[in-house]
Amino acid sequence: MELKNGNDMEQRDGCGCCHKTKERPDKEYRDLIHRLNRIEGQIRGIRGMVERDAYCPEILVQVAAANAALNSFNKVLLANHIRTCVARDIREGKEETIDELVATLQKLMK
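Residues numbered from 1 in each chain as written. Predicted model: local features only at pLDDT ≥ 70, side-chain atom pairs only at ≥ 80, totals over all residues. Heavy atoms only, no water.

1. Description of the pattern of salt bridges
Which entries qualify depends on this criterion: A pairing counts as a salt bridge when a side-chain nitrogen of Lys or Arg comes within 4 Å of a carboxyl oxygen of Asp or Glu. Helical segments are the DSSP runs of H or I of at least four residues, strand segments are the runs of E of at least two, and each set is numbered from the N terminus. Accessible area is worked out with a 1.4 Å probe on protein chains only. A residue is then buried under 20% of its type maximum, exposed over 50%, and partly exposed in between.
In total, this model carries 8 salt bridges according to the counting rule given. When the shortest N-O distance is used, the salt bridge between Glu40 and Arg44 registers 3.5 Å. Residue Glu40 and its partner Arg44 are both found in helix 1 (residues 26-51); the two are separated by 4 residues, about one turn of the helix. Arg44 sits in the exposed class, given a relative accessible area of 53%. Here Arg88 ties to Asp89 by a salt bridge, and the two come within 3.1 Å at their closest N and O atoms.

Set out below in structure tokens:
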């Protein structure tokens, strides 16, 4: 399978770690990339503020906004993962997917 970034990789079931991949529908892919582009822009803006010696509270507010955007990205990605990969694996009797989901949620809640 050829991934959208041009890398050739062997197709595997599921998603969530470096050993698995997931082919996303175009709409989901575009939404995630759009969100990441906006977050990247926010981070560049924060860097610019530091370079221009902006007042600390102004920078902190922008960092909080970037953190909120990353949290929102995680929520969307997690919801998509549960609706697709996790639901499919449970229907197929792959109970280990539940353990993987629990481990992922524990990492996210640190």
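So much for the structure itself; the text now carries on.
2. Focus on the side chain of Glu28
Where we set the bar: Contacts between residues were defined by any pair of non-hydrogen atoms, one from each residue, lying within 4.5 Å.
Among the secondary structure elements, Glu28 is positioned in helix 1. In this structure Glu28 touches Lys22 and Asn80, once residues within four positions along its chain are discounted.

3. Concerning a nonpolar patch on the surface
The line we're drawing: Each patch is built from residues lacking any salt bridge and having more than 30% relative accessible area; the joining distance is 9 Å for like charges and 5 Å for nonpolar side chains (Val, Leu, Ile, Met, Phe, Trp, Tyr). Residue exposure ignores everything except the shown protein chains as possible cover, and the areas themselves are Shrake-Rupley values with a 1.4 Å probe.
On the surface, a nonpolar cluster with roughly 210 Å² of combined accessible area is contributed by Ile90, Ile98 and Val102. For Ile90, the position within the fold is in helix 2 (residues 56-91).

4. Observations regarding the confidence of the model for the chain
Quick reminder of the rule: pLDDT is defined as a per-residue confidence score from the predictor, taking values between 0 and 100.
On average, the chain scores 87 in pLDDT, and the residues at 70 or more come to 83%. Averaged over each element, pLDDT in the chain is lowest for helix 3 (residues 96-108) (96) and highest for helix 1 (98). Within the model, pLDDT remains below 50 along residues 1-17, and this stretch shows 33 contacts once partners closer than five positions in the same chain are excluded.

5. Quick look at helix 1
Residues that lie three or four places apart on an α-helix share one face, since the helix turns once every 3.6 residues. The line we're drawing: Under the convention used throughout, the expected extent of a helix is 1.5 Å for every residue step, that is, one less than its residue count.
For helix 1, spanning 26 residues, the distance from its first C-alpha to its last is 37 Å, which sits close to the expected 38 Å at 1.5 Å a residue. Contacts from the buried residues of helix 1 go to helix 2. Backbone geometry just downstream of helix 1 places Asp53 in the positive-phi region, at approximately 60°.

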